[in-house]
Amino acid sequence: MAKVLARDLYGPKVAARVPAGWQAPEYRRLSLEPLTPTIGAEVSGVDLGHVDDELADELHWALTEWKVLFFRDQQLDREAHAALVTRDGEVIDHPFAKHTEVYGADQSDTAPGAMRFVKGEKSVGIENFWHHDMTFLARPPMVTALRALEVPPVGGDTLWADMAAAHDCLPEDVCERIADLWAEHDWYDNYGRSMSPELREAVRPEFPAVRHPVVARHPVTGRRVLFVTRAFTQRIIGLSETESDDLLEMLWAQADRSEYQCRFRWQPDSVAIWDNRACQHYAVSDYAPQRRVMERISGDGPPPSH
Ligand SMILES: [Fe+2]
């Protein structure tokens with residue numbers, strides 16, 4: 001792959017927050033404090049334990065506009081937590097969480113769809129690379145809500161990257177080249193590694209590899225979003241292995257650019273709600289042996305499409 005020189009990375013790299021012509025409604029119930037010009041806003045004046053229809057609508061539009069929303073001091077039971085991700089979909093029960101110990105907790109004590117992450121004391125964090133969650137499903141999560149139960153005094157931040165901005169700031173010839181491509185996504189080399197060979201083969205028929213567009217249209221705004229992830233994207237259909245690997249490395253690297261990122265410092269009872277189609281995330285693994293306990297629920301959406 002050709003070496004990328006610093007001069008090739010210079011601006012202009014200023015991305016739009018929303019697509020041209022798209023206008024978020026006026027927010028009457030929310031107070032928003034942006035973290036960056038394009039992605040991430042902290043919301044105040046909201047009790048996520050009591051969300052009526054009007055507030056749900058405003059949260060939906062704010063999430064569409066900012067891609068990830070942050071809240072402090074929220075008391076949520078499982079029902080209220082799940083309600084944050086099911087406005088337009090169903091809770092996703094992670095198919096492999098109960099088969100592996102990668103999350104550091106016995107998942108049997110959580111409700112269907114709720115995943116608990118216990119990290120730091122016995123094992124380090126594992127999601128410290130850029131990824132969309134669960135793209136090995138035909139209908140990957142649309143919205144995810146993550147709640148902090150215990151956090152280290154410092155460390156354990158999470159970052160999100162705006163993959164619409166990442167797409168828009170690609171060179172024009174690259175945008176043209178990838179516009180109609182499809183990629184294969186699979187769980188096998190990821191979760192499969194922590195399963196026994198027998199179990200891996202037993203669940204395989206129910207969860208074959210799936211195909212998603214490399215550039216998906218956002219279901220709400222229609223905006224083009226880069227939709228490939230180091231976690232699950234195996235190859236780009238129709239390219240040689242070398243071409244596919246080189247192109248994927250280049251597209252994955254877009255998430256590394258600070259211009260498209262925001263970073264959140266957790267406190268107990270903080271909640272983040274993110275649009276899993278519009279952004280990738282990265283859980284910083286820098287807090288072991290301090291303990292960090294999080295709980296996550298995701299809701300699905302339509303299959304990604306061009
Ligand atoms: Fe994740």
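Note that the structure is a prediction, hence the values are computed from the model and not measured. (Residues numbered from 1 in each chain as written. Predicted model: local features only at pLDDT ≥ 70, side-chain atom pairs only at ≥ 80, totals over all residues. Heavy atoms only, no water.)

Okay, the overall build of the chain next. A count of helical and extended segments in the chain gives seven helices and 15 strands. The dimensions of the chain, computed from C-alpha atoms along their principal axes, are 55 × 50 × 35 Å. By the burial criterion, 53% of the 306 residues in the chain qualify as buried. Look at the contacts in the chain between residues 6 or more apart in sequence, and 82% of them connect residues 24 or more apart. By element, 49% of the accessible surface of the chain is carried by carbon and sulfur atoms, the whole surface being about 14,400 Å². With 33 positive and 49 negative side-chain charges, the chain shows a spacing of 3 Å between the two charge centroids. (Helix = DSSP H or I, 4+ residues; strand = E, 2+ residues; numbered from the N terminus. Buried < 20%, exposed > 50% of the residue type's maximum accessible area, 1.4 Å probe, protein only. Contact = heavy atoms within 4.5 Å. Areas by Shrake-Rupley, 256 points an atom, 1.4 Å probe, with all protein chains shown as cover. Lys, Arg positive; Asp, Glu negative; His and termini not counted. Charge placed at Lys NZ, Arg CZ, Asp CG, Glu CD.)

With that settled, the discussion passes to the coordination of the iron ion. With distances of 2.0 to 2.2 Å, the protein atoms coordinating the iron ion are Glu-127 (OE), His-131 (NE2), Asp-133 (OD) and His-281 (NE2). With four donor atoms in place around the iron ion and angles of 75 to 135 degrees between them, the coordination shape is irregular. If you list the donors of the iron ion from N- to C-terminus, the spacing comes out as E-x3-H-x1-D-x147-H. Across the pair, exposure class does not vary: His-131 and Asp-133 are buried alike. (Donors = N, O, S within 2.8 Å, 3.2 Å for Na, K, Ca; no water. Tetrahedral: all angles 85-135°; square planar, octahedral: opposite > 155°, others 65-115°.)

Next up on the list: empty space enclosed by the protein. Unfilled space is identified by rolling a water-sized probe across the atoms. Counted under the stated rule, the structure contains three cavities of 30 Å³ or more. Taken as a whole, the largest cavity spans an internal volume of roughly 180 Å³. As for the largest cavity, its lining consists of 15 residues, and the residues nearest its centre are Phe-117, Glu-127, Leu-146, Ala-283 and Arg-292. Of all the secondary-structure elements, those providing two or more residues to the lining of the largest cavity are β4 (114–119), β14 (279–283) and β15 (292–300). Here the lining of the largest cavity takes three residues from β15, the largest share from any one element. (1 Å grid on protein atoms, 1.4 Å probe; cavity = no way out; pocket = protein on both sides within 12 Å on 5 of 7 lines; lining within 4 Å. Points joined across faces, edges and corners; volume = space filled by probe spheres on them.)

Attention shifts here to helix α7 (residues 241–253). In this model α7 runs 18 Å from its N-terminal to its C-terminal C-alpha over 13 residues, within 8% of the 18 Å that 1.5 Å per residue would give. The set of residues buried in α7 consists of Ser-244, Leu-247, Leu-248, Leu-251 and Trp-252. Seen from one end, α7 has its buried residues packed into an arc of 130 degrees, which puts them on one side. Against the buried residues of α7 lie α5 (172–178), β10 (224–226) and β11 (233–236). (Expected span 1.5 Å × (residues − 1). Arc of directions from axis to C-beta.)

Geometric values such as these leave the question of function open.
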